[in-house]
Amino acid sequence: MAIVRRKCFISYHHADQEAVNAFVRNFDHERDSFIARGLGEEMPGDVIDSTNTDYVMARIRQRFLSGSTVTIVLLGRCTWARRYVDWEIQASLRQGAYTTPNGLLGIKLPTFTSFPERFNENLSSDWPRTDCYARHMEYPASTQVLVDAIEAAYQRRTTHARLIVNRRERMSYNRQCQ
C-alpha cells in the first residue's frame, strides 16, 4: 500500500537548523514520508522580510499553513522560548466555520528540554490515560513510525478538535533560554 504523504508545516527554532535540515532531508526528500512546508534551507519558500508581526503571521498562514494539514514542531533546547514557534502553533490550532485546524505533532530532538506552553496546554498531564489534542514522540526510529504519527495527528484534526486549547495571548517577546 502506498504511503499517503501529508503536507506538514515544520515549526522550529533556527538554532536547531542543522537537525531540522537532516530531518527534512531524511524523511521528506529521501524517504517521501511527508511533504515539508515552512521556512528553512531544505524547504521551498522565501524568507518573509518584515518587522510587522501581523504581516509576517498572515504571510505564514497564507503561504505555508493554508496548504498544510499537520504541524510538526521539532523540539530542541530553546524551542519553548521562541515567539514565532508560539505564533505558528497558535495559527495551526485556529478553527472556525471554514477553517480546520492542523494536527499537532511534537518530535523531540536530542537537545529537547521543555515543551512550548501552547503546545503543552494541548497535552494531558495524565497522558496516555486522558485524551488530548496534541501528541509528541521521540525522534522517529523508522519511516513507518513517523508516517503513523503524522496520520494520527491528521485524523485528530476532526476527531479531537473539541480538545484544542488556544486561549493564550501570543508571546510578545522571546524568553531567555540558557
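Look up a bit, the structure's there.
Residues numbered from 1 in each chain as written. Predicted model: local features only at pLDDT ≥ 70, side-chain atom pairs only at ≥ 80, totals over all residues. Heavy atoms only, no water.

(A) Expanded view of helix α2 (residues 53-65). Of all the positions in α2, only V56, M57, I60, F64 and L65 are classed as buried. End-on, the buried residues of α2 take up no more than an arc of 95 degrees, which puts them together on one face. Next to the buried residues of α2 lie β1 (6-11), β2 (34-37), β3 (70-75) and α3 (83-93). (Buried < 20%, exposed > 50% of the residue type's maximum accessible area, 1.4 Å probe, protein only. Helix = DSSP H or I, 4+ residues; strand = E, 2+ residues; numbered from the N terminus. Arc of directions from axis to C-beta. Contact = heavy atoms within 4.5 Å.)

(B) Expanded view of the layout of surface pockets. Counted as a void, the second largest pocket has a volume near 160 Å³. Around the second largest pocket, the lining residues are R61, L65, S66, S68, A91, S92, R94, T99, T100, P101 and N102. A breakdown of the residues in the lining of the second largest pocket according to their chemical character gives three nonpolar, six polar and two charged. (1 Å grid on protein atoms, 1.4 Å probe; cavity = no way out; pocket = protein on both sides within 12 Å on 5 of 7 lines; lining within 4 Å. Points joined across faces, edges and corners; volume = space filled by probe spheres on them. Nonpolar A, V, L, I, M, F, W, Y, C, P; charged D, E, K, R; others polar.)

(C) Quick peek at the sheet that holds strand β4 (residues 103-108). If you walk across this open sheet you meet the five strands as β2-β1-β3-β4-β5, and the pairing is parallel. Of all the strands in the sheet, just β2 and β5 (135-138) have a single pairing partner and so form its edges. The mean inter-strand angle of the sheet, taken between neighbouring strand axes irrespective of direction, is 30 degrees. In this sheet, β4 lies alongside β3 in parallel orientation, the contact comprising six bridges. Paired with V73 across the strands is G106, a residue of β4. Against the sheet, helix α5 (residues 143-159) makes contact with β1, β2, β3, β4 and β5, and its axis sits at roughly 150 degrees relative to β4, the strand it touches most. (Pairing = 2+ DSSP bridges. Axes fitted to C-alpha atoms, helices over the stretch in contact; angles between N-to-C directions.)

(D) Highlighting the side chain of R156. Tracing the backbone shows R156 in helix α5. Under the relative-accessibility criterion, R156 is labelled buried at 9%. If sequence neighbours within four positions are ignored, R156 has contacts with D131, C132, Y133, R135 and A161.

(E) Fine view of the state of the cysteines. Within the structure shown, the criterion is met by one disulfide. One disulfide bridge connects C78 with C177, the sulfur atoms lying 1.8 Å from each other. Note on the C78 and C177 pair: the S-S dihedral is about -80 degrees, so by sign convention the disulfide is left-handed. Here C78 is found in the loop between β3 and α3, whereas its partner C177 is found in the segment after α5, with 99 residues between them in sequence. For C78, a relative accessible area of 10% gives the class buried. (Disulfide = S-S within 2.5 Å.)

(F) Structural view of unusual backbone geometry. Notably, D32 is not glycine yet its phi reads approximately 55 degrees, a positive angle. The topology assignment puts D32 in the loop between α1 (17-30) and β2.

(G) Summary view of empty space enclosed by the protein. A full pass over the atoms with the stated rule returns one cavity of 30 Å³ or more. Considered as a void within the structure, the largest cavity measures approximately 50 Å³ in volume. Its residues assigned to classes, the lining of the largest cavity comprises three nonpolar, no polar and five charged.

Honestly, that's just the spatial picture; any functional story needs more than this.
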